[in-house]
Amino acid sequence: PDCEPDLFDNDFMRLTRPNRYYPLTIGSRWEFRAPDETVTVEVLNKTKLVEGVTCIVVNDKVLVGGRVVEDTNDWVAQARDGDVYYCGEEVKDFETFAGDVPEEAELVSTDGSFKVGRDGDKPGILFRRAPIRGEIYRQEFSLGNAEDVAEVLSTTYAFGRDAELDRFVPKALADLFCPGDCVVTKEYSPHEPGVFERKYYAARIGKFLEVNPDTGKVAQLAGCNFDSRCSVLR
């Protein structure tokens, strides 16, 4: 995709055309819960300049058993036409080891990190302003390192319309957010053939559910700080 700086907003307090399904309001926070982990996502009041494009920093933190195992900063750009671009990420994976006193998380990997303009890395698109069913696009373009791809499965999802897309979806959660305009994507990487996740996005909320159909693992929105509908999730 074209990544000319003039095509992007540089003031995240005054976005030209905010993406309804991928909100980037500074201070917005989401909490997701799965049986074995908790994930918090927050739009920070920080920016990163990547190849002349101003990106907002989105922090993604994964905790298992109350311990941080991943702490990632995503560099996300908002195009003036409403598309949301991915310009890089700084990944930090941690482990704790028995016998350490005091017990402290140790940085063990930065695999998956990339930055547009470094080592041939290019921008990807995280989310279209107007997704089209059947469209496939690269979310990351760091060859041999980070190559996530998304395919749009539905732009009109509501529970009960498609039995396959309903698998593992909590009906009450879908009914809360999806009057008939939710977007469902299939996201995968060529590094893991046959493995994919479905992600469910609601207008003004963003992602609210992530499902692995092969394992049945579900990570669902358990709270947010910017929409009254999240109050019933607690």
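In what follows, the structure referred to is the one given above.
The residue numbers shown here count from 1 along each chain, following its written sequence. Two thresholds apply to this predicted model, a pLDDT of at least 70 for residue-level local features and 80 or more for giving and counting side-chain atom pairs, whereas whole-chain, interface and lining totals are computed over all residues. Heavy atoms from the whole structure form the basis of all side-chain values; hydrogens and water molecules are not counted.

What follows concerns the overall build of the protein. Secondary structure follows DSSP: runs of H or I at least 4 residues long count as helices, runs of E at least 2 residues long count as strands, and numbering of each begins at the N terminus. Counting its regular elements, the protein contains two helices and 14 strands. Based on the C-alpha atoms only, the size of the protein along its principal axes is roughly 50 × 50 × 35 Å. A 1.4 Å probe rolled over the protein chains alone gives each residue an accessible area, and that area as a share of the maximum for its type sets the label: buried under 20%, exposed over 50%, partly exposed in between. Expressed as a percentage of its 234 residues, the buried residues of the protein come to 46%. Taking the intrachain contacts of the protein between residues at least 6 apart in sequence as the baseline, contacts between residues at least 24 apart amount to 47%. Throughout, the Shrake-Rupley method with a 1.4 Å probe supplies accessible areas, and for residues the shown protein chains are the sole cover considered. Summing over all exposed atoms, the protein offers an accessible surface of approximately 11,800 Å²; the carbon and sulfur share of this is 47%. All tallies of charge rest on Lys and Arg as positive and Asp and Glu as negative; His and the ends of each chain are not included. The atoms used to mark charge sites are NZ of Lys, CZ of Arg, CG of Asp and CD of Glu. Within the protein, the 43 negative side-chain charges are centred at a point lying 6 Å from the centre of the 29 positive side-chain charges. Contacts are assigned to residue pairs that have any heavy atoms within 4.5 Å of one another.

With that settled, the discussion passes to the environment of Ala163. Examined against the element boundaries, Ala163 turns out to sit in helix H1 (residues 163-166). It is 41 Å that separates the C-alpha atoms of Ala163 and Val108, two residues lying 55 residues apart in sequence.

Time to look at unusual backbone geometry. A cis geometry characterises the amide bond from Val101 onward to Pro102, with omega recorded as -5 degrees. With respect to the element layout, Pro102 can be found in the loop between strand E5 (84-95) and strand E6 (106-109). In this model, Phe168 sits at a positive phi of 70 degrees, which is unusual for a non-glycine residue. In this fold, Phe168 is placed in the loop between H1 and helix H2 (171-177). Its identity is not glycine, yet Arg204 carries a phi of approximately 70 degrees, on the positive side.

Any two cysteine sulfur atoms lying within 2.5 Å of each other are counted as a disulfide. Under the definition given, this model contains two disulfides. For Cys178, the disulfide goes to Cys182, at an S-S distance of 2.1 Å. Handedness here is read from the sign of the S-S torsion; for Cys178 and Cys182, about -95 degrees, the answer is left-handed. One disulfide in the model links Cys224 with Cys230; its S-S distance is 2.0 Å. Judged by the sign of its S-S torsion, about 100 degrees, the cystine formed by Cys224 and Cys230 is right-handed. The two residues Cys224 and Cys230 agree in class, both being buried. Cysteine pairing in the protein follows 1-2, 3-4, where each cysteine in a disulfide is numbered by its order in the sequence. Between Cys55, a cysteine without a disulfide, and Cys87, which holds the nearest cysteine sulfur, the sulfur-to-sulfur distance is 3.7 Å. In this structure Cys55 comes out as buried when scored by relative accessible area, which is 0%. For Cys87, a relative accessible area of 0% corresponds to the buried category.

A few words now on the pairing of strand E14 (residues 217-224). The buried count for E14 comes to six of eight residues, which makes it a mostly enclosed element. Where strand E1 (residues 29-34) and E14 come together, four bridges link them in antiparallel fashion. Bridged to Trp30 within E14 is Cys224. Direction of pairing for strand E13 (residues 206-212) relative to E14: antiparallel, over a ladder of four bridges. Bridge pairing in E14 links Leu209 to Gln220. Counted along the chain from E13 to the antiparallel partner E14, the turn is four residues long, and its residue Gly216 has a positive phi close to 80 degrees. Note on pairing: two strands pair once DSSP finds at least 2 bridges between them.

These figures capture arrangement, not role.
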